[in-house]
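# Structure assessment
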Amino acid sequence: MEYASKHGDGIAFRTLTLQQLKDIHSASCRILDEVGVVVHHDEAVDLLKKGGAYIDSNGRTHIPEALIKRALHSAPSRITLYNRLGEPVIWMEKSNVHFGAGSDTLVYLDPFTGERRDWTTEEVAAAIRVVDALPQLDFVMSMGLLSDVDKRMINRIQYALMLKNSVKPQVVIAEDAPTVADITEMAAAAVGGREKLKNMPHFVLYCEPTSPLQLPFESVDKLLYAAENKIPVNFACGAVEGASTPVTVAGTVAQANAEALCGLVLHQLKNPGAPFLYGFGGSPLDMRTMVACYAVPEVLLLQGCVCDLSRFYSLPSWGYAGCSSSKDFDEQAITEATMFTVMGALQGCNLMHDVFYIESGRTGSLELLVLMDEVISRARHILKGVNTTPEYLAVEAVKRVGPGGNYMGDAHTAKHFREKWQPSLSDFSSYSSWEAAGSKSMRERIRERLRSIMEEHKPVPLAPEVEEKIDAVIKQAEDRLGIKL
Amino acid sequence: MASIRDLTEYVIQADIEKVKETTAALLAAGEDPLRLINEGLIPGINEVGERFKEGIMFVPEMMMSAQAMKAGVDLAKEKIEGVDIPTVGTVVIGTVAGDLHDIGKNLVSMMLDSSGFNVVDLGVDVPADKFVAAVKEHKASIVGLSALLTTTMPAMKEVIDALKESNLRDQVKVVIGGAPVTQAYADEIGADGYAPDAAIAVELCKKIA
Ligand code: B12
């Protein structure tokens, strides 16, 4: 197994033993075989039946292990994502880590006034530009729900905003397959055609089962559309432990893994070799408050299981980072988001989303986003591991400097000091110079950075004719849905 | 010989077997089934509700206690065939059309059930006419609507409109909930109540039933 280190096996975080991986796989296979799933999609049921699944008299679909083996065999073990300019920027394989924002928060926490309010189109566009500007964030998501457009158009307009305000690849939420078709159309216009998009994917589609063990029509429809069009796609259970999945970590992993594998089977039956992203996440129900909570320690363990399983299966992995259950951008938010980010990095999760979520996904905090940019940078530095080649063991330099000497004036120091990690926000100055510069807290520095990005950052624009095509797709959808403006 | 007081304690401990055993034994000894329910079983679940409010007991324990109580009530009911067991009221509940989120709705429905309501759960993705039909069929006094998606919130208003069209609006109270739902939205669409969580939902239903 490969872990997140560039230098040998140095840095590794393993959650499960090989035997535990086999036990989980076996439990998931038993769930698919003995319990079965309910599939609300005729074509999908047909595909599964022809593939060798058994449909019982209650309409449950039971999936034999042989089908899973076949799917694991045909699914690719790596996926490259390209930015809007056609450059490869995300490599989902082994223990590579990538980070991105989240989708569809209900509340915008104004970073300058602290006000909580519904998102407007302009605020979502600005938030996407912030993600575009932050160097450690690798992909964008829709950030917030638009309160000022027709509800049926939210997902499409969010996608147009992502294309217009960032070159980075996206992870996309869509209510149904026709919406995905419109999104595909817009993406194709931006990257230079359908065929190019199919072979150089620019976005990942986010699909979910409805736990426990149900495959709703829309999700399956999107999954099959993605398979057909080679759009990378996941089938990620959003477990609410203790409600939609068992209350134990292992039980949740066994069921969510069964659901993901079931999605994979269907996806590979539709189009063998199409790209599939393995993963799932959880927000356990706090039994005291009845709130589904993000970023608790159990969820970090769950993600460790996802990453180990993904490597066991040779599939790229999907997960979470940089998010919190706290209501504000406060110490709790920073604790949870930092732990998740560092753990996710060590676990080697290929695509981690929801960086900037607070209140377990209901509110979005741009301050948290900016802070996480630096936390990710710190984590990435750790992943480089320790270089122990002779040049780095530096015995020659020790000889030169000798007992009582000083490395400050040695060539080895001059040669390598720039490799050290540098902060973008943290302050390493002395107390007196910090005071002289206005005694600015981290929070003030974060806001300054945000303000300057919001005022100055201009994403690479789309060509005017591409903008027109995108607007035309939106217009056509509005006409089709009978929306009058 | 166990007493009615023990029955209360077994409900609190969520010991289904002991509840069944004791109820059966007391019934065999000629105890009045209604008295068993009202003075033995229900005080147990009421105490559990108190302990929940105080933060000593948690929802899963409350659910187990409710199951224990039910097991006893079912045995007692067999002896009083024909006599109407009073319920606090009938609630028709469901997640509105287009929405598949049901965890919150299930919790509300389980807690209402544990609190003595007769709950008719229509499941998820429930169209307005199904709510109307269920209200008619079960003579419900409360309709509970759940929506977790901003896009499905308007379906709550559609249910209210459909109830009006069928001249049922005056007979039922409509309560709504789900992550994006607010009191302001409830007021806007003319719902009778809103609750941010399951415990408050129960209090709300008790108040307006
Ligand atoms: C679990 C979950 C899912 C699961 C649902 C599984 C299931 N069986 O229900 C799955 C993975 C299937 C799912 C799917 C989707 N989800 Co979802 N999901 C969640 C999540 C993480 C938790 C919801 C939950 O169960 N909470 C725990 C319960 C106990 O709380 P609750 O539901 O709020 O209920 C309490 C109160 O609201 C109240 N209440 C609830 N109902 C009622 C009814 C009455 C009458 C009363 C009085 C009170 C009341 O009492 C409850 C108990 O205390 C939320 C995020 C969040 N933190 O809320 C997103 C969230 C709700 N989902 C979201 C989205 C966008 C989706 C999808 C569209 C995503 C997609 N790519 O497909 C799909 C939609 C599918 C569909 N058509 O419905 C968004 C919604 C944004 C919006 N408002 O429009 C959220 C907010 C996440 C986000 N920010 O993106 N989701």
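These numbers were taken from a predicted model, which means no experiment stands behind them.

## Describing the sheet that holds strand β5 (residues 193-194) of chain B
Residues and elements named next belong to chain B. The sheet built from five strands is open, its strands ordered β2-β1-β3-β4-β5 with parallel pairing. Each of the sheet's edge strands pairs with one partner strand only, and the pair in question is β2 (118-121) and β5. Examined bridge by bridge, strand β1 (residues 90-95) and strand β3 (residues 142-146) share five bridges and lie parallel to one another. Counted as the bridge partner of Val92 is Val143 from β3. Its contacts with the sheet put helix α9 (residues 198-208) on β3, β4 (173-177) and β5, and the angle it makes with β4 is roughly 170°.

## Concerning the site of the ligand
Around the ligand, the surrounding shell holds 48 residues, and the nearest of these are Gly361 of chain A together with Leu100, His101, Asp102 and Ser146 of chain B. What surrounds the ligand is not a single chain but chains A and B. A distance of 3.1 Å separates a nitrogen atom of the ligand from a polar atom in the backbone of Asp104 of chain A. One nitrogen or oxygen atom from the main chain of Ser211 of chain A is found 3.2 Å from a nitrogen atom belonging to the ligand. At the level of elements, α5 (103-114), β3, β4 and α9 of chain B are the ones that each hand at least two residues to the shell around the ligand. Per-element accounting of the shell around the ligand gives the leading share, five residues, to α5 of chain B. Here the residues of the shell around the ligand are counted per class, giving 25 nonpolar, 15 polar and eight charged.

## Brief notes about the domain arrangement of chain A
Residues and elements named next belong to chain A. Here chain A is partitioned into domain 1 (18-72), domain 2 (74-383) and domain 3 (390-418). One C-alpha centre belongs to domain 1, the other to domain 2, and the line joining them spans 25 Å. In this complex, domain 1 contributes 27 residues to the contact, which on the side of domain 2 involves 28 residues. Taken together, the two surfaces of domain 1 and domain 2 that pack against each other cover about 2400 Å², and 77% of this comes from carbon and sulfur. The salt bridge partner of Glu43 is Lys270, with a shortest N-O separation of 2.7 Å. Applying the counting rule to domain 1 against domain 2 returns eleven residue pairs in polar contact (both at pLDDT 80 or more). Of all the secondary structure elements, the ones that give two or more residues to the side of domain 1 that touches domain 2 are α1 (18-35), β1 (38-39), α2 (42-51) and α3 (65-74). Among the residues making up the side of domain 1 that touches domain 2, the classes are represented as 18 nonpolar, six polar and three charged.

## Thoughts on the pairing of β1 of chain B
One face of the sheet, then the other: side chains in a regular strand alternate in exactly this way. Residue and element names in this part refer to chain B. Of all six residues in β1, six are buried, a share of seventy percent or more. The two faces of β1 match: Thr90, Val92 and Gly94 on one face and Val91, Ile93 and Thr95 on the other face are all buried. Two strands pair when backbone bridges link them, and β1 and β2 are joined in this way by four bridges, in the parallel orientation. Pairing of Val92 across the sheet is with Val120, part of β2. Between the parallel elements β1 and β2, the chain passes through α5 in a crossover that is right-handed.

## As for the packing of α2 of chain A against helix α9 (residues 249-270) of chain A
Residues and elements named next belong to chain A. As a packed pair, α2 and α9 sit with axes 10 Å apart at the nearest point and diverge in direction by 85°. Comparing their axes, α9 and α2 come out roughly perpendicular. Here Glu43, Ala44, Leu47, Leu48 and Gly51 of α2 lie close against α9, whose contacting residues are Val265, Leu266, Leu269 and Lys270. Class assignment for the residues of the contact of α2 with α9 results in six nonpolar, one polar and two charged.

## Things to note about the interface of chain A and chain B
Each partner contributes residues to the interface: chain A has 13 residues there, and chain B has 15 residues. Approximately 1300 Å² of surface area, both sides summed, lies buried where chain A meets chain B, with 76% of it carried by carbon and sulfur atoms. The largest contributions to the chain A side of the interface with chain B come from Lys151, Arg288 and Met290 of chain A, which together make up 43% of the buried area. For the pair chain A and chain B, the interface holds zero salt bridges. There are one residue pair in polar contact (both at pLDDT 80 or more) connecting chain A and chain B. Taken together, the residues of the side of chain A that touches chain B break down into eight nonpolar, two polar and three charged.

## Digging into the coordination of the cobalt atom of the ligand
Within the protein, a single donor atom binds the cobalt atom of the ligand, namely His101 of chain B (NE2) at 2.3 Å. If you trace the backbone, His101 of chain B turns up in the loop between β1 and α5.

## Structural notes on the domain arrangement of chain B
Interface size, as often reported, equals the accessible area lost upon joining of the parts. Residues and elements named next belong to chain B. In terms of domains, chain B is made up of domain 1 (4-80) and domain 2 (90-208). Every contact between the two is made by nine residues of domain 1 and, on the other side, seven residues of domain 2. For the pair domain 1 and domain 2, the summed buried area comes to about 550 Å², and 72% of that belongs to carbon and sulfur atoms. On inspection of domain 1 and its partner domain 2, the count reaches one salt bridge. Residue Asp113 pairs with Lys70 through a salt bridge whose shortest N-O separation is 2.8 Å. For the interface between domain 1 and domain 2, the tally reads one residue pair in polar contact (both at pLDDT 80 or more). For the side of domain 1 that touches domain 2, the class distribution of residues is seven nonpolar, no polar and two charged.

Conventions we followed
- Residues numbered from 1 in each chain as written.
- Chains lettered and ligands numbered in written order.
- Predicted model: local features only at pLDDT ≥ 70, side-chain atom pairs only at ≥ 80, totals over all residues.
- Heavy atoms only, no water.
- Pairing = 2+ DSSP bridges.
- Helix = DSSP H or I, 4+ residues; strand = E, 2+ residues; numbered from the N terminus.
- Contact = heavy atoms within 4.5 Å.
- Axes fitted to C-alpha atoms, helices over the stretch in contact; angles between N-to-C directions.
- Near = heavy atom within 4 Å.
- Polar contact = N/O pair within 3.5 Å; in protein donor to acceptor, adjacent residues only side chain to side chain.
- Nonpolar A, V, L, I, M, F, W, Y, C, P; charged D, E, K, R; others polar.
- Domains from an automatic or database assignment.
- Buried area = accessible area lost by both parts, 1.4 Å probe.
- Salt bridge = Lys/Arg side-chain N within 4 Å of Asp/Glu carboxyl O.
- Buried < 20%, exposed > 50% of the residue type's maximum accessible area, 1.4 Å probe, protein only.
- Right-handed = clockwise from strand over helix to strand, strands pointing away.
- Parallel < 35°, antiparallel > 145°, perpendicular 65-115°, else oblique.
- Donors = N, O, S within 2.8 Å, 3.2 Å for Na, K, Ca; no water.

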